[in-house]
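# Observations on the model geometry
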Amino acid sequence: MSPQIDEKLETMYQEVLKRNPGEVEFHQAVAEVLESLNPVISKHPEYLERKIIERICEPERQIIFRVPWQDDNGQVHINRGFRVEFNSALGPYKGGLRFHPSVYLGIIKFLGFEQIFKNSLTGMPIGGGKGGSDFDPKGKSDDEIMRFCQSFMTELYRHLGEHTDVPAGDIGVGGREIGYMFGQYKRITNRWEAGVLTGKGLKWGGSLVRPEATGYGATFFINEALKVRKESFAGKTCLVSGSGNVAIYTVEKIHQLGGKCIACSDSNGVIVHEKGLDVELIKQLKEVERRRIKDYADYHKDAKYIANGNIWDIPCQVAMPSATQNEINGKDAKTLVKNGCIAVGEGANMPTTPEGIKVFLDAKIAYGPGKAANAGGVATSALEMQQNAQRDSWSFDFTEKKLEGIMVGIHQLCHDTAEEYGAPGNYVVGANIAGFIKVADAMVAHGLV
Ligand code: GLU
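Residues numbered from 1 in each chain as written. Predicted model: local features only at pLDDT ≥ 70, side-chain atom pairs only at ≥ 80, totals over all residues. Heavy atoms only, no water.

### A few points about the nonpolar core
How we decide: Throughout this description, the term nonpolar core refers to a set of buried Ala, Val, Leu, Ile, Met, Phe, Trp, Tyr and Cys residues connected via side-chain atoms within 4.5 Å. Exposure categories follow from relative accessible area, calculated using a 1.4 Å probe and restricted to protein chains: below 20% of the type maximum is buried, above 50% is exposed, and the middle band is partly exposed. Contacts are assigned to residue pairs with any non-hydrogen atoms lying within 4.5 Å of each other.
Membership of the largest hydrophobic core comes to 54 residues, with the highest contact counts inside it found for Phe221, Ile222, Leu277, Tyr296 and Ile410. Not counting residues up to four positions away in its chain, the partners in contact with Tyr296 are Ile271, His273, Gly276, Leu277, Asp278, Leu281, Ile282, Leu285 and Ala303. Among the nonpolar cores identified, the runner-up in size contains 44 residues, and Leu9, Val40, Phe110 and Ala442 belong to it.

Right, dumping it as structure tokens:
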């Protein structure tokens, strides 16, 4: 960790390394939070006495299970399923499920750990958890996806409940997968329990704005950060990496606010469309037809596809990394700053490496870390839970206004907390401290559990 870190925190970090060997993404997520906590532990000796930090770094429960399934040719496959129930101080475990071949315990633990603080920042009553599988949905038929989801839920169901643990989507898990899992949960438990999963379809307990929420929320957050600098999205050239759920609705909201997104990507390459991305086409290609972003260029002759390109080499004023972890390294961050980027809003979880974060903070650009900037997704999941509890459903405008209010609130909280702790403009410090204190105080109140 960085040299100015308190000795006690360094010892705790070394212990995390020792207890969780090889889980590099989890180490990275813990280091980022602990590095912010120096000024907190000197003000709050009770956190040290009650070993709050050591307890926060240890998940309350970790579930790893076998997921057997058959493909369309009758071949048997075995994947590994995970659910890490990290912290329930503020509410039932809440966090998505990720289906991607890169998934292993270290990825789920980094995501679950970040989720604790993100969920705390939303101000809603939700604890932190995450799950998923190393299953690769790419190229699978609809029936194969269904059989996998059913097998996954056949083990997971026993750990869930609207007051216990409430999963949602993440990379590789959207409305279709949530539907198959909800169906299997209902079948096994004989309960139509809407509050057990979020991201549901609109006709069976889902919330309007949930699909848009992470992208819209990240844009609202950066809009607030721009306002602090007497700036706005109007006329700004923007980059949005990825082309999944988060990226699509980030592009849409930026365009509504007058900005121009000129590029997006997938793991194969980058699409550049100087005129501004055609978001309806991306929706059709990715959400309906499940195709690759390369095909965009077939519909717009003035768009350019760069196979294996690096989106961060394209000059922009606002960058919204919305693909995956560690997609911006130190070199990319330097390129962005050199090219005149004034704001970075993380729609993805931990998309910037520690070297990259340092570049953004040193350059004093508006840098919104994921746990603050992308909290709109899970916040709207909590709004879905509210609607389910009331057996009600709210209008689009009402729900979007609530989301916007939550994001404005998160921005304000991170902004004010950073100032209070002597790091004005540093949303990393603001988010980590504000997110941590609420959880820590609840843990102190609950006693040694
Ligand atoms: N996977 C999303 C996240 O990273 C959403 C989780 C949820 O809605 O529970 O926050």
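### A closer look at empty space enclosed by the protein
The condition is simple: Cavity means a closed set of points on a 1 Å grid over the protein atoms alone, one where a 1.4 Å probe fits but cannot get out, pocket means an open set with protein on both sides within 12 Å along at least 5 of 7 lines, and lining means a residue has an atom within 4 Å of a point. Grid points are joined across faces, edges and corners, and a volume is the space filled by probe spheres set on the points.
Taken as a whole, this structure holds one cavity of 30 Å³ or more when the rule is applied. There is about 50 Å³ of room inside the largest cavity. Around the largest cavity sit Glu32, Glu114, Glu346, Met350, Thr352, Ile357, Tyr367, Pro369, Gly370 and Lys371, which together line it.

### A closer look at the site of the ligand
Keep this limit in mind: Here, proximity means that at least one heavy atom of the residue falls within 4 Å of the molecule or strand. Counted as a polar contact is a pair of N or O atoms within 3.5 Å, where, for protein atoms, one must be capable of donating a hydrogen and the other of accepting one, and residues adjacent in sequence contribute only when both atoms are in side chains. All accessibility values rest on the Shrake-Rupley procedure with a 1.4 Å probe; residue burial counts only the protein chains present in the view. Every helix listed is a DSSP run of H or I at least four residues long, and every strand listed is a run of E at least two residues long, numbered separately from the N terminus. When residue character is reported, Ala, Val, Leu, Ile, Met, Phe, Trp, Tyr, Cys and Pro are called nonpolar, Asp, Glu, Lys and Arg charged, and the others, Gly included, polar.
Inspection of the region around the ligand gives 14 residues, with Lys94, Lys118, Gly169, Asp170 and Ser381 positioned closest. Between the ligand and the protein, one listed contact pairs an oxygen atom with a side-chain N or O atom of Lys130 at 3.0 Å. Within the complex, the protein chains bury 95% of what would otherwise be the 300 Å² of accessible surface of the ligand. Of all the secondary structure elements, the ones that give two or more residues to the shell around the ligand are strand S3 (93–99), helix H6 (105–122), strand S5 (165–169) and helix H16 (376–390). Across the shell around the ligand, the residue classes tally to two nonpolar, seven polar and five charged.

### Topic: unusual backbone geometry
With phi around 50°, Arg290 is a residue other than glycine that occupies positive phi space. With respect to the secondary-structure elements, Arg290 resides in the loop between helix H11 (279–288) and helix H12 (296–299). Phi is positive for Arg391, which is not a glycine, with a value near 50°. Structurally, the position occupied by Arg391 is in the loop between H16 and helix H17 (396–420). Take Arg391: its relative accessible area is 77%, and that puts it in the exposed class.

### Describing the layout of surface pockets
Rolling a probe over the atoms, with the probe sized like a water molecule, indicates the empty space that remains. In this structure, the second largest pocket spans a volume of roughly 850 Å³. Around the second largest pocket, the lining is made up of 28 residues, and of these Glu35, Ile357, Leu361, Asn426 and Val429 lie nearest the centre. Listed by contribution, the elements that provide at least two residues to the lining of the second largest pocket are helix H2 (24–34), helix H3 (38–43), helix H14 (354–362) and helix H18 (427–446). Among the elements that make up the lining of the second largest pocket, the one with the highest residue count is H14 (six residues). Along the lines of polarity and charge, the residues of the lining of the second largest pocket split into 13 nonpolar, eight polar and seven charged.

### A look at the sheet that holds strand S7 (residues 260–266)
We count it as follows: Between any two strands, at least two bridges found by DSSP are needed for them to pair. To get an axis, fit a line to the C-alpha atoms, keeping to the stretch in contact for a helix; angles then go from 0 to 180 degrees between the N-to-C directions.
On the basis of which strands lie adjacent, the open sheet formed by seven strands has the order S9-S8-S7-S6-S10-S11-S12 and mixed pairing. Sheet topology places strand S9 (304–307) and strand S12 (366–368) at the edges, where each strand pairs with a single neighbour. If you compare each strand with its neighbour and ignore which way they point, the axes differ by 15° on average. Alignment of strand S6 (residues 237–240) against strand S10 (residues 318–320), held across three bridges, turns out to be parallel. Paired with Val240 across the two strands is Met320, which belongs to S10.

### Let's talk about H2
Among the eleven residues of H2, ten are classified as buried, and the element is accordingly described as predominantly covered. Every buried residue of H2 is listed here: Glu25, Phe26, His27, Gln28, Ala29, Val30, Ala31, Glu32, Val33 and Leu34.

### Brief notes about the pairing of strand S2 (residues 76–87)
Strand direction decides the pairing type here: strand S1 (residues 61–70) and S2, joined by ten bridges, are antiparallel. Bridge assignment links Ile63 to a residue of S2, and that residue is Arg83. Between S1 and S2, which pair antiparallel and follow one another directly, the connecting turn spans five residues, one of which, Gly74, has a positive phi of 85°. One ladder, built from six bridges, connects S2 with strand S4 (residues 127–133); its direction is antiparallel.

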